[in-house]
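Close look at the chain arrangement
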Amino acid sequence: MSAIIEKGKAVLQSKTKRADGILVDPPAAPTFPAQTIPDGDKRIPVAHLDKDLDYLIRKPTLEADRDFIQPQIRKKGTTVWNDILVDQYLELGPVASRDWTQPFKIAQSFLREDPTPEEPTEWEFRYIFWADGTNDVASLESSFAIDRTPYNVVKTPPSDRTPSAPTWPSDLGPTDPIDDAYLDGKTGIIVKPFIAHNYLPNDTFHWFFSPAPDTERDTPVHKGSLSPTNRDTEIPAAVFLAAEEGPNRLVYVNIDAAGNRARASHFSQRDVVHTPEPDPGTVFPPIVTLADGDGDNLINREDMLSDPRGVEIVVKVPTPNSPRDTIFVTLHNEQVGTEQRVGTETELKFYAPRALVEQIYGDTDGIVQRTVAFEMFRGVKDLATDSVDI
């Protein structure tokens, strides 16, 4: 809807009123559709910096066919406004043909980050609205910031160093293994990256943990911002439980909210040690304790009444095992009680309530056979199972 015309060909008069005598309020500040980082962050994502930057201006209350705009820019902290179209104006064209949803452009040459200061370069932007060619009213100002500097890069004097290796908790020294005993009772392991001079709270850290991490191709095992207080993060225990046994390297990559990707950090190594899976020779069928002690291998009414908790089922815990391993029991495919953690126990007890037993066996005075079974898991991995018919 706009056309560029030379200043010499535009007949403009600088006044404080429109030709019809109506006072003009400052036009609304321009906006930048690409300014999408939340929480008031003024940076334009780097994905939008390889082309001219779009900006929008709000439809004015009063319009005339001879309206023009004169866009201007200056670096924050300076006083002189610079026309982005030297000796030119943008003619808005006939009122009837204007589309205020269509953006105007700031040339890519203005999307510059200066070498000083170290912070992103902030630019203030406005436009002069020439209403009907007779009134030069400056719009309210807006601003945007340009940040093309990755994490740990110094602009002046230039420096681009690999970020230091992450640090582990104090109780996990260089020779301490990450094993089931260390992970027992933990939801994860808290690690901390090197905090660079240009760290920002909305930076995202991508973490990689494997024998030979490839940060360009591998999927991060964990990613997110750091905690605001300690500037650290917790990598879930599941990551280490699923890791390959042996030496593994932890590295991180910082990607800031503007999209600048830093070098991969130096690595820090720890050994992962997994508990072996149970020996099949230690897997036994569950024991259904027959409370009346007559050895008839039947669950009868006396068995159900002898303990208010129900019929006792005992599982001898297969070995070797991890404290995190779990066992659950079923009676004819119906779960008995809750899944239990092995911990340090050598056997676990489950109780089938009378109502469940009566539901499974039904109303009968004959002999009905049902299967009592247990399964042992490490996470989602099935480790062992056995059963007995009762």
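Structural data are supplied above this passage.
What you are looking at is a predicted structure, and each value in this text was computed from that prediction instead of being measured.

Turning our attention to the overall build of the chain. Within the chain, the secondary structure is distributed over 4 helices and 24 strands. In the chain, of all internal contacts separated by at least 6 residues, the share reaching a separation of at least 24 is 68%.

So, about helix α4 (residues 354-361). Residues Leu356, Val357, Ile360 and Tyr361 constitute the buried set of α4. All buried residues of α4 project into a common sector of 115° when viewed along the axis, lining one side. Away from the buried face of α4 by more than 90 degrees, exposed residues Ala355 and Gln359 are located. With its phi angle positive at about 80°, Gly362 sits one or two positions after the end of α4.

This part covers the packing of aromatic side chains. Across all of its chains, the model carries 14 aromatic pairs by this definition. Centre to centre, the rings of Phe328 and Phe377 are 5.9 Å apart; their planes meet at 5°, and the pair counts as stacked. Linking Phe328 in strand β20 (residues 326-331) with Phe377 in strand β23 (residues 371-378), this pair joins segments that are 49 residues apart in sequence. Take Phe377: its relative accessible area is 15%, and that puts it in the buried class. Here the aromatic cluster, defined as three or more aromatic residues joined through ring pairs, consists of Phe32, Tyr55, Phe104, Phe125 and Phe144. Over the aromatic face of Tyr182 sits the side chain of Lys186, whose NZ or CZ is 4.0 Å from the ring centroid. For the cation-ring pair, Arg249 lies above Phe267, with the distance from its terminal atom to the ring centre recorded as 3.9 Å.

Next up on the list: unusual backbone geometry. Pro117 follows Thr116 through a cis peptide bond whose omega is -5°. Its place among the elements puts Pro117 in the loop between β6 (104-106) and β7 (121-130). In the Ramachandran plot, Asp39 falls in the positive-phi region, its phi being about 60° despite a non-glycine side chain. As for its placement among the helices and strands, Asp39 is situated in the loop between β1 (3-6) and β2 (53-55). Looking at Asp39, the relative accessible area reads 83%, which means it is exposed.

Further remarks concern the side chain of Arg74. Looking at the secondary structure, you find Arg74 in strand β3 (residues 68-75). Side-chain polar atoms of Arg74 contact the backbone oxygen of Thr79, separated by 3.1 Å. Polar contacts involving the side chain of Arg74 include one to the side chain of Glu124, which spans 2.8 Å.

The subject of this paragraph is the pattern of salt bridges. By the definition in use, this model includes 25 salt bridges. With a closest N to O distance of 3.4 Å, Lys51 and Asp50 form a salt bridge. Given a relative accessible area of 41%, Lys51 falls into the partly exposed group. Note on Asp50: relative accessible area 56%, which makes it exposed. Within this structure, Asp41, Arg43, Asp147 and Asp256 form a network of salt bridges that share partners.

Moving on, we come to the environment of Glu339. With respect to the helices and strands, the residue Glu339 is situated in strand β21 (residues 334-341). Residue classification places Glu339 among the partly exposed residues on the basis of a relative accessible area of 42%. In sequence terms Glu339 and Glu375 are 36 residues apart; their C-alpha atoms lie 9.6 Å from each other. Not counting chain neighbours up to four residues away, the residues in contact with Glu339 comprise Thr326, Ile327, Phe328 and Phe377. Reaching out from Glu339, the side chain makes a polar contact with the side chain of Thr326 at a distance of 2.6 Å.

Okay, the sheet that holds strand β19 (residues 311-316) next. Across the sheet, 3 strands lie side by side as β18-β19-β22; this open sheet has antiparallel pairing. Single-partner strands in this sheet number two, and they are β18 (287-288) and β22 (347-352). Looking at chain direction, β18 and β19 are connected through 2 bridges and run antiparallel. Bridged to Val288 within β19 is Ile313.

Counting buried positions along β19 yields 5 of 6 residues, so the element is predominantly enclosed. Pairing geometry for β19 and β22, over 6 bridges, is antiparallel. Note that in β22 the partner of Val311 across the bridge is Ala352.

Further remarks concern the pairing of strand β9 (residues 142-146). Regular strands place their side chains on alternate faces of the sheet. Taking burial as the measure, the 5 residues of β9 include 5 buried ones, the bulk of the element. Burial along β9 is two-sided: the face carrying Ser142, Phe144 and Ile146 and the face carrying Ser143 and Ala145 are both buried.

Looking at the element boundaries, Thr282 is found in the loop between β17 (268-272) and β18. One polar contact links the side chain of Thr282 to the main-chain carbonyl oxygen of Asp279, over a distance of 2.7 Å. If near-sequence neighbours (up to four positions away) are discounted, Thr282 is found in contact with Pro318 and Thr319.

Basis of the calculations
- Residues numbered from 1 in each chain as written.
- Predicted model: local features only at pLDDT ≥ 70, side-chain atom pairs only at ≥ 80, totals over all residues.
- Heavy atoms only, no water.
- Helix = DSSP H or I, 4+ residues; strand = E, 2+ residues; numbered from the N terminus.
- Contact = heavy atoms within 4.5 Å.
- Buried < 20%, exposed > 50% of the residue type's maximum accessible area, 1.4 Å probe, protein only.
- Arc of directions from axis to C-beta.
- Phe/Tyr/Trp six-rings, centres within 6.5 Å; stacked < 30°, edge-to-face > 60°.
- Lys NZ or Arg CZ within 6 Å of the ring centre and 35° of its normal.
- Polar contact = N/O pair within 3.5 Å; in protein donor to acceptor, adjacent residues only side chain to side chain.
- Salt bridge = Lys/Arg side-chain N within 4 Å of Asp/Glu carboxyl O.
- Pairing = 2+ DSSP bridges.

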